[in-house]
Amino acid sequence: MTEKQQVSGSYWLQSAPDGRHAPLTDDLDVDVAVIGGGIAGLCTARELARAGKSVAVLEAGRIAAGVTGHTTAKITALHTLVYDKLRRTRGSEGARLYARSQSEAIEHTAGLVAELGIDCEWERRSAYTYVRDPGRAEELRAEARAAREAGLPASFVTETGLPFPVAGAVRVTDQAQFHPRKYLLALAGDLVARGGRVHEDTTVLGLEEGTPCRLSTSTGATVTARDVVVATHYPVFDRALLFTRLSPRRELVVAGPVPAGLDPDGMYITPEEDTRSVRTAPYGEDGTRRLLVITGEHFTPGTGDTRARFDRLAAWARRHFPDVELTHRWATQDNDPTDTVPLVGPLHPGAKHTYVATGFGGWGMSGGMMAGRLLTAQITGEECAWSGLYDPRRLAPAVREAPSFLKHQAQVAKHFVGDRLRPSPPVEALPPGEGAVVRAGGGRLAVYRDEDGTLHAVSPRCTHMGCLVDFNSAERAWECPCHGSRFDTDGKVIQGPATQPLERRHL
């Protein structure tokens, strides 16, 4: 299958049931409303229902089909190179709490898979962070020591199952991988069986905090809830300026079957080569093949040539796995916190009944599972040893890592101002399947020309905070480089924090 014939879409979405949940049409009163139907939202909702709370999940699109439906689905406490940094910035106890919280989330999930009999291709695998540059080997040794001191079964190794030599790697045994959508559909089913509600195609537009809280929705229905959890990947309600502490990151994925004998037998990631992540998944009925999943080409949404990045990633895959038949490609997105640790807890300093889960830095599987247990403990009044570590209201770590914060803000300012100064191509120069921000009628328009030659024009101003969008030709979407909002060619929201579409315009 050629590059142009590759399936453009997530394998996880295409290989799982297509169950649907009805939009919310009537007013609703519940103990807890969870905004967002990804792994953090569904894990939180299910844990709360298990604790006896009445819960409703409100999802703007389809559950387990956003960021979670496009992940590589590695469930591990080894998060590239994090423990040596945590040991220096949060102390040994902070590193231990991080490792314990992530590890306990994995084991809790393993227990749920067994308890509910979920057929989600759950597999135990070792996780590796590797480098090929001998000059970075000592960095890996330090990470292995820090991870081991934090309580993980970590070791430094120089041999792996990869088809090329490495200078060194951190290995953590007994981690896991799974089919994320199959798992979460089963979790949603258990939630409903416990009396919970799941409503898709229901965008939450407004949040009125109080006792109780009230949510307004795109369907016209109002939800009244004692507590509200904002688990929308990037917070759609940001009353503590969390957007200043989150940097959106997009990565590309290519996948295809390889003979089972070529399985590298592990989950791998490297900070080199603009990141490369490798793992396999079950594929087919006879067990003779595995699905090779390779991720990389880290970039800010709305910047650069995405098609060229896909080509580089596919070339890397074929160079190292020449027997792979690439059949799928898609992209995933996450938010990196400026001070390393996810933000899970009260939405803002004065919050009494509103909570948030965000900033998982590419590790949303174990992070989302951890968030579900942490938020449930906070809402039900239980103690949790790592509440302080993940508290979004923390200030000291943010101050210590101020250079990352300032760098992120400089990039946002650069796009906000600089993108308004960049030259614009003439509309006539747009070929079919391409889009660009152009000057027209004394202003700017975001214009896309479809395959039939028809022009589609929308406002180029992101409805979140007004940055100018740019066109991703590989995925045919408008993307905001400031905070990661994404829109289709007619301006409809694909991914927040924006909740309103780009305004339609006429040429």
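Let me sum up the structure you'll find in this document. Per chain, residues are indexed from 1 in the order of the written sequence. Selection of residues for local features in this predicted model requires a pLDDT of at least 70, selection of side-chain atom pairs for listing and counting requires 80 or more, and totals for whole chains, interfaces and linings are taken over all residues. Only hydrogens and water are removed before side-chain values are computed, so all heavy atoms of the structure are retained for them.

Our focus in this paragraph is the packing of aromatic side chains. We call Phe, Tyr and Trp rings a pair once their centres come within 6.5 Å, taking the six-membered ring for Trp, and we label the pair stacked below 30 degrees between planes, edge-to-face above 60, and tilted otherwise. If you walk through the whole model with that rule in mind, you get 11 aromatic pairs. With centroids separated by 4.6 Å and ring planes inclined at 15°, the aromatic side chains of Tyr128 and Tyr268 adopt a geometry described as stacked. Here Tyr268 lies in strand β13 (residues 267–270) and Tyr128 lies in strand β5 (residues 123–131), a separation of 140 residues in the sequence. Neither Tyr128 nor Tyr268 differs from the other in exposure class; each is buried. Each ring, one from Tyr130 and one from Phe164, has its centre 5.8 Å from the other, and the planes form 55°; the classification is tilted. Numbering goes from the N terminus for both helices and strands, where a helix is a DSSP run of H or I of at least four residues and a strand is a run of E of at least two. Exposure is judged per residue with a 1.4 Å probe applied to protein chains only, and the accessible area is read against the type maximum: over 50% gives exposed, under 20% gives buried, and values in between give partly exposed.

We define a salt bridge as a contact between a side-chain nitrogen of Lys or Arg and a carboxyl oxygen of Asp or Glu at a distance within 4 Å. Taken as a whole, this structure holds 36 salt bridges when the rule is applied. The partner of Glu475 in a salt bridge is Arg486, and the shortest N-O contact between them spans 3.5 Å. Of this pair, Glu475 sits in the loop between β22 (470–472) and β23 (477–479) while Arg486 sits in strand β24 (residues 486–487), placing them 11 residues apart in sequence. Overlapping salt bridges bring together Arg46, Glu47, Glu115, Asp190 and Arg194 as one network.

To obtain each axis, a line is fitted to C-alpha atoms, and for helices this fit is confined to the stretch in contact; angles are then taken between N-to-C directions over 0 to 180 degrees. For the pair helix α2 (residues 39–50) and helix α8 (residues 364–380), interaxial distance at closest approach is 8 Å and the crossing angle is 40°. The chirality of how α2 crosses α8 is right-handed. Across the interface between the two elements, Ile39, Ala40, Cys43, Thr44, Glu47 and Leu48 from α2 touch Gly364, Met365, Gly368, Met369, Ala371, Gly372, Leu375, Thr376, Ile379 and Thr380 from α8. Throughout, the ten residues Ala, Val, Leu, Ile, Met, Phe, Trp, Tyr, Cys and Pro are labelled nonpolar, Asp, Glu, Lys and Arg are labelled charged, and all others, Gly among them, are labelled polar. In terms of residue class, the contact of α2 with α8 is made up of nine nonpolar, six polar and one charged. If you view the pair so one helix is near and one far, a crossing is left-handed when the near helix is turned anticlockwise from the far one by less than a right angle, and right-handed when it is turned clockwise. The criterion used for residue contact is that any of the two residues' heavy atoms lie within 4.5 Å.

Another aspect to go through is the environment of Ile39. Among the structural elements, Ile39 can be located in helix α2. Given the relative accessible area of 4%, Ile39 is considered buried. For the pair Ile39 and Ile75, spaced 36 residues apart in the sequence, the C-alpha separation amounts to 12 Å. Leave out the neighbours within four places in its chain, and Ile39 touches Thr68, Phe178, Leu184, Gly364, Met365, Gly368 and Met369.

Turning to the side chain of Ser277, a few remarks are in order. Summarising the element assignment, Ser277 is placed in strand β14 (residues 276–283). Side-chain atoms alone can form a polar contact between residues adjacent in sequence; in general such a contact is a pair of N or O atoms within 3.5 Å, and within protein one must be able to donate a hydrogen while the other accepts it. Within polar-contact distance, the side chain of Ser277 engages the backbone oxygen of Tyr268 at 3.5 Å. Setting aside residues no more than four positions away along its own chain, Ser277 makes contact with Lys74, Tyr268, Ile269, Val293, Ile294 and Thr295.

Here we take up the sheet that holds strand β20 (residues 443–449). DSSP calls a pair of strands paired once it identifies at least 2 bridges connecting them. Spatially, β19-β20-β21-β26 is the arrangement adopted by the four strands of the open sheet, whose pairing is antiparallel. Single-partner strands in this sheet number two, and they are β19 (434–440) and β26 (504–505). Two elements, β19 and β20, share seven bridges in a ladder whose sense is antiparallel. Along β20, the bridge assignment pairs Arg439 with Arg444.

What follows deals with the nonpolar core. By size, the foremost hydrophobic cluster in this structure holds 80 residues, and its most contacted members are Tyr83, Phe178, Tyr183, Val344 and Tyr390. Dropping the residues within four chain positions of it, Tyr183 is found in contact with Thr109, Leu112, Val113, Ile118, Cys120 and Phe178. Side-chain atoms within 4.5 Å link the members of a nonpolar core, which is a set of buried Ala, Val, Leu, Ile, Met, Phe, Trp, Tyr and Cys residues.

This brings us to the state of the cysteines. Throughout, a disulfide means two cysteine sulfur atoms within 2.5 Å of one another. The full count for this structure, using the stated rule, is one disulfide. There is a disulfide in this structure between Cys467 and Cys482, and the S-S distance comes to 2.1 Å. Looking along the S-S bond of the Cys467-Cys482 disulfide, the torsion reads about -95°, which is the left-handed sense. Of this pair, Cys467 sits in the loop between β21 (455–458) and β22 while Cys482 sits in the loop between β23 and β24, placing them 15 residues apart in sequence.

The next thing to look at is the pairing of β5. With eight of its nine residues buried, β5 lies for the most part within the structure. Two elements, β5 and strand β7 (residues 168–177), share eight bridges in a ladder whose sense is antiparallel. Looking at β7, one finds that Tyr128 is bridged to Arg171. Looking at chain direction, β5 and β13 are connected through three bridges and run parallel. When the bridges of β13 are listed, Ala127 appears paired with Met267.

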